[in-house]
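Chain and residue survey
Letter by letter, the chains look like this.
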Amino acid sequence: MASSSCLNLFFFTFLSALIISKSQISDSVNGVVFPVVKDLPTGQYIAQIHLGDSSEPVKLVVDLAGSILWFDCSSRHVSSSRNLISGSSSGCLKAKVGNERVSSSSSSGKDQNADCELLIKNDAFGITARGELFGDVMSFGSVTSPGTVDLLFACTPPWLLRGLASGAQGVMGLGRAQISLPSQLAAETNERRRLTVYLSPLNGVVSTSSVEEVFGVAASRSLVYTPLLTGSTGNYVINVKSIRVNGEKLSVEGPLAVELRTVVPYTILESSIYKVFAEAYVKAASEATSVPPVAPFGLCFTSDVDFPAVDLALQSEMVRWRIHGKNLMVDVGGGVRCLGIVDGGSSRVNPIVMGGLQLEGFILDFDLGNSMMGFGQRTRSDSTSL
């Protein structure tokens, strides 16, 4: 293993088996990088941060659409440097921007220095609780020259953790809100607002550094970019003009708004779209043997064949995001594999929500300043091997 002087960045490691060597990360990383692993029972992705003077890291579920970092502050994490944020502070005002659910207790006629109260939603389970805004310092930087940055987060009641991965203490919100982790780090470090995400069962990465810094020049140049919809409520949403299964275009009218989510394990389609998609997929997978579906899936097979790929045409038919069979099929045991795309019903804000399984293996570059998202399949030649 390379010595600590070979590292430009201190990784917040949370697995004793995770060893960082010089060959595992590009030499020019300047931002903050969080290793990410997958919790198999829930399909959620887990990262950790170090706050204040506590020796215990905070284990968080990665939420690509989350507006704020929140956790149960009573769960094994005690920091003497943690401070309560007042309702009249600039931090509280930032937390309110674009979030009608947030309210300060000062708005009800209380002291202007009262706490900043927020309504925090657990999107993995669909429940909401009242929390309070706090601040503390987050450690980051090189091993030889560590640094800190002021970070705002919400402290929430323990019951809000329902539905999260075992041992998780809260959620790392990575959305476009002013109070999200990427936005706060960009403001504190005067860096460009961007987010690099790579999901994998064992060696994922979330970083505020550029793709070039984390994965190298070749990986950066291989990405294809598509606009992010600016009218979305802090989430990452792209337009899809058409969908193809095994090269055949579906009779679905576009454009379709596609929201990218990491707390959702599988892609969700509005019912009318799912019906057309499912019929096309069964037809395209004619060499496979269909079997009764296993919940929550609607299509299951027993054959060990190469399953058809799905293409999403983005701003034009020439710009496509191809999702191969390995990102589509879920092994449910007994030799049965199910299509990891499910029927989400008829009442949806966005007709398509792309879940974590379909995002795995892709390098995603969210250029927030320019409202663009780059994507590309990671290759063995890319500079990291986390």
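Keep in mind that this is a model prediction, so the values were computed, not measured.

**Details of the overall build of the protein chain**
When helices and strands are tallied, the protein chain shows six helices and 27 strands. Here the protein chain holds 386 residues, and the buried ones make up 56% of them. Taking all contacts inside the protein chain whose residues are at least 6 apart in sequence as the whole, residues at least 24 apart take part in 64%. Surface accessibility of the protein chain: about 16600 Å² in total, with carbon and sulfur atoms responsible for 51%.

**A closer look at the layout of surface pockets**
Of the pockets and cavities examined, the second largest pocket occupies roughly 340 Å³. If you trace the second largest pocket, you find 21 residues lining it, with K94, D150, L152, Q184 and E188 closest to the centre. When residues of the lining of the second largest pocket are traced back to their parent elements, those giving at least two are α1 (90-96), β7 (127-141), β8 (146-155) and α2 (181-189). The leading source of residues in the lining of the second largest pocket is α2, at four residues. Considering only residue class, the lining of the second largest pocket consists of six nonpolar, nine polar and six charged.

**Description of the nonpolar core**
Soluble, globular proteins show a tendency: their nonpolar side chains are buried together. Within the largest apolar cluster, 71 residues are counted, with the highest numbers of intra-cluster contacts made by I49, I243, L260, F277, Y281, W321 and F366. Top contributing element to this core by residue count: helix α5 (residues 271-284), with six residues. Residues in contact with L260, not counting those within four places in the same chain, are L64, Y236, I238, W321, M354, L359, L364, F366 and M373.

**Remarks on the environment of V224**
Tracing the backbone shows V224 in strand β12 (residues 224-227). Residue V224 is classed as partly exposed on the basis of its relative accessible area, which comes to 34%. Once the C-alpha coordinates of V224 and V319 are considered, the two residues, 95 residues apart in sequence, prove to be 7.8 Å apart. Apart from the residues lying within four places of it in its own chain, the contact partners of V224 are V319, M373, G374 and F375.

**Examining the sheet that holds strand β14 (residues 242-245)**
Pairing within the open sheet is antiparallel, and its four strands lie in the order β15-β14-β20-β21. Each edge of the open sheet is held by one strand with a lone partner, namely β15 (248-249) and β21 (320-323). Where β14 meets β15, two bridges bridge the pair, whose relative direction is antiparallel. Bridged to R244 within β15 is K249.

The rules behind each value
- Residues numbered from 1 in each chain as written.
- Predicted model: local features only at pLDDT ≥ 70, side-chain atom pairs only at ≥ 80, totals over all residues.
- Heavy atoms only, no water.
- Helix = DSSP H or I, 4+ residues; strand = E, 2+ residues; numbered from the N terminus.
- Buried < 20%, exposed > 50% of the residue type's maximum accessible area, 1.4 Å probe, protein only.
- Contact = heavy atoms within 4.5 Å.
- Areas by Shrake-Rupley, 256 points an atom, 1.4 Å probe, with all protein chains shown as cover.
- 1 Å grid on protein atoms, 1.4 Å probe; cavity = no way out; pocket = protein on both sides within 12 Å on 5 of 7 lines; lining within 4 Å.
- Points joined across faces, edges and corners; volume = space filled by probe spheres on them.
- Nonpolar A, V, L, I, M, F, W, Y, C, P; charged D, E, K, R; others polar.
- Core = buried A, V, L, I, M, F, W, Y, C linked by side-chain atoms within 4.5 Å.
- Pairing = 2+ DSSP bridges.

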